[in-house]
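Read off the chains here:
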Amino acid sequence: MRWYFLPALLLGAFLCASTAHAFPAEVLSIHDGDSITARRVGAKQEKPHKVRIYGIDCPELGQPYGEEARELAKQVLAGKTVEIVPAQRGMSYKREVGGIVLVSDMLVIQDALVSAGLAWVDDRFCKLPVCDLWRLHQREARAARRGLWADEAAMPPWTWRKIRRAQQKR
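This write-up is about the structure you can find in this document.

Rules behind the numbers
Residues numbered from 1 in each chain as written. Predicted model: local features only at pLDDT ≥ 70, side-chain atom pairs only at ≥ 80, totals over all residues. Heavy atoms only, no water. Helix = DSSP H or I, 4+ residues; strand = E, 2+ residues; numbered from the N terminus. Areas by Shrake-Rupley, 256 points an atom, 1.4 Å probe, with all protein chains shown as cover. Phe/Tyr/Trp six-rings, centres within 6.5 Å; stacked < 30°, edge-to-face > 60°. Buried < 20%, exposed > 50% of the residue type's maximum accessible area, 1.4 Å probe, protein only. Lys NZ or Arg CZ within 6 Å of the ring centre and 35° of its normal. Expected span 1.5 Å × (residues − 1). Arc of directions from axis to C-beta. Contact = heavy atoms within 4.5 Å. Salt bridge = Lys/Arg side-chain N within 4 Å of Asp/Glu carboxyl O. Core = buried A, V, L, I, M, F, W, Y, C linked by side-chain atoms within 4.5 Å.

## With respect to the overall build of the chain
Phase 1 of the analysis: Secondary structure summary: the chain contains five helices and eight strands in total.
Phase 2 of the analysis: For the chain, the succession of helices and strands along the chain, N to C, is α-β-β-β-β-α-β-β-β-α-β-α-α.
Phase 3 of the analysis: Total accessible area on the chain is roughly 9600 Å²; 54% of this is exposed by carbon and sulfur atoms.

Structural data, given as structure tokens:
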């Protein structure tokens with residue numbers, strides 16, 4: 001198999017489980033490592049799409065490596081045209097959930113963040129076959145102690161958020 005088929009295969013993996021079709025969009029802003037705002041190419045009158053990146057969870061901005069995750073996402077995606085591949089029917093906190101593929105660079109942002117050690121594969125939600133590849137890359141990043149894996153006590157963002165909510169209720 002030729003390497004240049006990888007983005008098409010990954011797009012296909014997303015589309016098989018998707019109820020909607022992928023669409024090209026220009027990335028307008030990056031909120032954090034796993035949330036972006038983008039506008040469908042050619043749809044200037046359409047409201048921008050807030051997108052929660054499927055299958056991964058980056059550290060929150062108040063956590064160690066949260067800023068680094070956002071910076072990597074900015075370096076890779078800011079101002080670029082990407083394919084947004086819807087990955088579930090419903091919204092997540094008023095955001096679409098989808099894969100983000102930078103076809104021009106043959107890059108899937110989820111894989112870039114996980115491989116850099118700047119995101120966890122979220123096993124609670126990551127159910128598509130491509131998640132197995134991301135899990136492999138997470139194990140490799142962890143073994144190499146890249147990014148957040150350099151910290152023996154790295155806390156998953158879902159745990160961090162739960163603790164923060166409990167503290168706020170006091």
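Once you've had a look at it, read on.
## Notes on the packing of aromatic side chains
Phase 1 of the analysis: Using the criterion set out here, one finds three aromatic pairs in the structure.
Phase 2 of the analysis: For the ring pair Trp-120 and Trp-149, a centre distance of 5.6 Å and an interplane angle of 65° mean the geometry is edge-to-face. Placement of Trp-120 in strand β8 (residues 120–121) and of Trp-149 in the loop between α4 (130–144) and α5 (157–169) is noted, with a sequence separation of 29 residues between them.
Phase 3 of the analysis: According to the relative accessible area criterion, Trp-149 is buried, its value standing at 7%.
Phase 4 of the analysis: The class for Trp-120 is buried, based on a relative accessible area of 7%.
Phase 5 of the analysis: Taken together, the ring pairs connect Trp-120, Trp-149 and Trp-158 into an aromatic cluster.
Phase 6 of the analysis: Taking the ring centre of Phe-23 as reference, the NZ or CZ of Arg-40 above it sits at 4.0 Å.

## Details of helix α2 (residues 66–77)
Phase 1 of the analysis: Between its first and last C-alpha, α2 extends 16 Å over twelve residues, near the 16 Å set by a 1.5 Å rise per residue.
Phase 2 of the analysis: Those residues of α2 not exposed but buried are Gly-66, Ala-69, Arg-70, Leu-72, Ala-73, Val-76 and Leu-77. On an axial view of α2, the arc spanned by its buried residues comes to 160°, and they lie on one face.
Phase 3 of the analysis: Summarising the contacts, the buried residues of α2 are in contact with β1 (23–32), β2 (35–40), β5 (81–86), β6 (96–102), β7 (107–108) and α3 (109–115).
Phase 4 of the analysis: Gly-79, located one to two residues past α2, shows a positive phi value of around 75°.

## A few points about the pattern of salt bridges
Phase 1 of the analysis: Enumeration according to the criterion identifies eleven salt bridges in this entry.
Phase 2 of the analysis: Put simply, Glu-67 and Arg-70 hold a salt bridge, and the shortest N to O gap is 2.8 Å. Taken together, the residues Glu-67 and Arg-70, both in helix α2 and three residues apart, mark about one turn of the helix.
Phase 3 of the analysis: Residue class for Arg-70 comes out buried when judged on its relative accessible area of 18%.
Phase 4 of the analysis: Here the salt bridges share partners, and the residues they tie into one network are Asp-34, Arg-52, Asp-57, Glu-60 and Arg-161.

## Some thoughts on unusual backbone geometry
Phase 1 of the analysis: Not every positive phi belongs to a glycine, and Tyr-65 is a case in point at roughly 75°.
Phase 2 of the analysis: Mapping Tyr-65 onto the fold places it in the loop between β4 (56–57) and α2.
Phase 3 of the analysis: With relative accessibility at 25%, the residue Tyr-65 sits in the partly exposed group.
Phase 4 of the analysis: At Arg-145, a residue that is not glycine, the phi angle is positive and equals roughly 60°.
Phase 5 of the analysis: Within the secondary structure, Arg-145 sits in the loop between α4 and α5.
Phase 6 of the analysis: Among the residues examined, Arg-145 registers a relative accessible area of 41% and is labelled partly exposed.

## Concerning the nonpolar core
If you look at soluble globular proteins, the nonpolar side chains tend to sit buried side by side.
Phase 1 of the analysis: Grouped together as the largest cluster of nonpolar side chains are 36 residues, with contacts concentrated most on Ile-36, Tyr-54, Leu-77, Ile-84, Ile-100, Leu-113 and Trp-134.
Phase 2 of the analysis: Secondary structure elements with two or more residues in this core: β1, β2, β3 (49–53), α2, β5, β6, α3 and α4.
Phase 3 of the analysis: The biggest single contributor to this core is α2, with five residues.
Phase 4 of the analysis: When residues no more than four places from it in sequence are discounted, the contact partners of Ile-100 are Ile-36, Val-51, Ile-53, Leu-77, Val-82, Glu-83, Ile-84, Leu-107, Val-108, Ile-109 and Gln-110.

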